[in-house]
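Structural features, examined
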Amino acid sequence: MRKNVLLIGAMLMASMSMMAQTKGGGISQSALQQMEKNHACAAHKALFNAVANNNIDDLVKNHANEAPVDTHFSIETPSQSIHNQKSSGRCWMFSGFNVLRSNFAVNDKQGRVVEYSQDYLFFYDQLEKANLMLQGVIDLGKKSIEDPQVQFFFKNPLNDGGTFCGVADLANKYGLVPMSAQPETFSSNNTSKMSRLISSKLREYGLELRKMVAQGKKPAAIQARKTEMLAQVYRMLSLTLGEPVKEFTYAFRDKDGKQIGEAKKYTPKSFYEETVGKDLNGTFIMVMNDPRRPYHKTYEVEYDRHTYDGHNWKYLNLPMEEIAQLAIASLKDGHKMYSSYDVGKQLDRKRGYLALDNFDYGSLFNTTFPMNKADRIATFDSGSTHAMTLTAVDLDAAGKPVKWKVENSWGADNGFGGCFIMTNDWFNEYMFRLVVNKKYASEQLLKEFDQKPTMLTPDDPLFQLED
């Protein structure tokens, strides 16, 4: 008898479980009722009233973390002015320029400082990306428009995000100018409208170029038409960003604003030679932490570059412990680094503090968030979204990192004087990319970086552009 009762009970439970979902996998009425019955209590109503009338982060902020942030760092590079990218995705350029101007200040014996124009190089970044899109469409002109590579270009004809590779390629090709020679415009600070308009033209032009390829037009005719299209893009950029300066007069100043030496005439290329002095390509390696893939292997991202004739983004995949050692070596020598993060996770923006326990979302929703770094990347829950300049580290008595500091590009009134401080635990979970001078890498790492890379497609969840 007992066996029969148990059997009937099991069958009823199975039947109820089957009734919970409709035949096609939709939500059934019985399933909805099961969801509803668990929340008909006064405590739930009170909690709803609190959540409905407040910012979630304000409700779940961990009070135990409210003590003043420790701002001491055992290794810290000299501070420099903080810039503001405003409503644009140019964090990659701001972070790259932070590194270049810091290197100039460290190496210059006269105490000179420099502020580079983001607007100037951004003009050429957008023009080059437009050419990359149009030439990519030509190269793939015989493939179906539904081919993933073709769709990549039409889906992403233009963007204002990027990586340090863009700074290296663009600055070497077009030079640099000081901020005073070409200041920001409304559209450089607010890129969305300009980008949408040019993107629409590029999609239109892309269809026309595909038609020319399909009709068997000669390559010379296709290239001539592409140049005409780029002339229109140039015009749109010159009206929104201003035409790039070709020559300017400039006098260097020290950190207090005092002029050093006489004003001189420069071109963008001669200014680049004086303040950077060499092609950046070949001087650095990019390392990344992607626990989904084997470490000590090199990967390259197809079409992930700023110029058609430039360099794809290539990286050596390393454990976080080895990335940290590279960073520490550079900071000990006084050199800041380009780095990138998933900065939106557990960010206490007001204090400029990043820690894994800043906010207790789990207790509020009576759940947990157990995914590890690899799981978060694989499911598009986390990835490299924002570049900042790594500027300091605090080491314990054993030489292990405790916390890190970065210069951000959201203005000096954001965070901790324009900077963020992050615990090492947070750093390990949400730091992704680091660009470091080759001299801080071992011979073994350099050998691994130079191995033939595995080519990856740009739709990988980790390969979002930093913005």
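Quick look at the structure, then. The shown structure was predicted, so the numbers you read here are calculated from the model rather than taken from an experiment. (Residues numbered from 1 in each chain as written. Predicted model: local features only at pLDDT ≥ 70, side-chain atom pairs only at ≥ 80, totals over all residues. Heavy atoms only, no water.)

**Details of the environment of Ala 231**
Looking at where Ala 231 falls in the secondary structure, it is placed in helix α11 (residues 219-241). When its relative accessible area of 47% is taken as the criterion, Ala 231 is described as partly exposed. For the pair Ala 231 and Leu 127, spaced 104 residues apart in the sequence, the C-alpha separation amounts to 9.4 Å. (Helix = DSSP H or I, 4+ residues; strand = E, 2+ residues; numbered from the N terminus. Buried < 20%, exposed > 50% of the residue type's maximum accessible area, 1.4 Å probe, protein only.)

**Description of the pairing of strand β12 (residues 419-423)**
Most of β12 sits out of view: five of its five residues are buried. Here strand β11 (residues 401-407) runs beside β12; their pairing, made up of five bridges, is antiparallel. Directly across from Lys 405, in β12, lies its bridge partner Ile 421. (Pairing = 2+ DSSP bridges.)

**Brief notes about the pattern of salt bridges**
Overall, the coordinates contain 24 salt bridges when judged by the stated rule. Note that Lys 173 is salt-bridged to Asp 309, the shortest N-O span being 3.3 Å. You can see Lys 173 sitting in helix α8 (residues 164-174) and its partner Asp 309 sitting in the loop between β5 (298-301) and β6 (313-317), a full 136 residues away along the chain. Close ionic contact of Asp 394 with Lys 403 constitutes a salt bridge, the shortest N to O distance being 2.7 Å. (Salt bridge = Lys/Arg side-chain N within 4 Å of Asp/Glu carboxyl O.)

**A look at a nonpolar patch on the surface**
A cluster of nonpolar side chains, Ile 27, Leu 32 and Met 35, forms an exposed patch at the surface whose accessible area comes to about 270 Å². As for its position among the elements, Leu 32 is in helix α2 (residues 29-37). Accessibility expressed as a relative area gives 32% for Leu 32, which makes it partly exposed. (Patch = residues over 30% accessible without salt bridge, like charges linked within 9 Å, V, L, I, M, F, W, Y side chains within 5 Å. Areas by Shrake-Rupley, 256 points an atom, 1.4 Å probe, with all protein chains shown as cover.)

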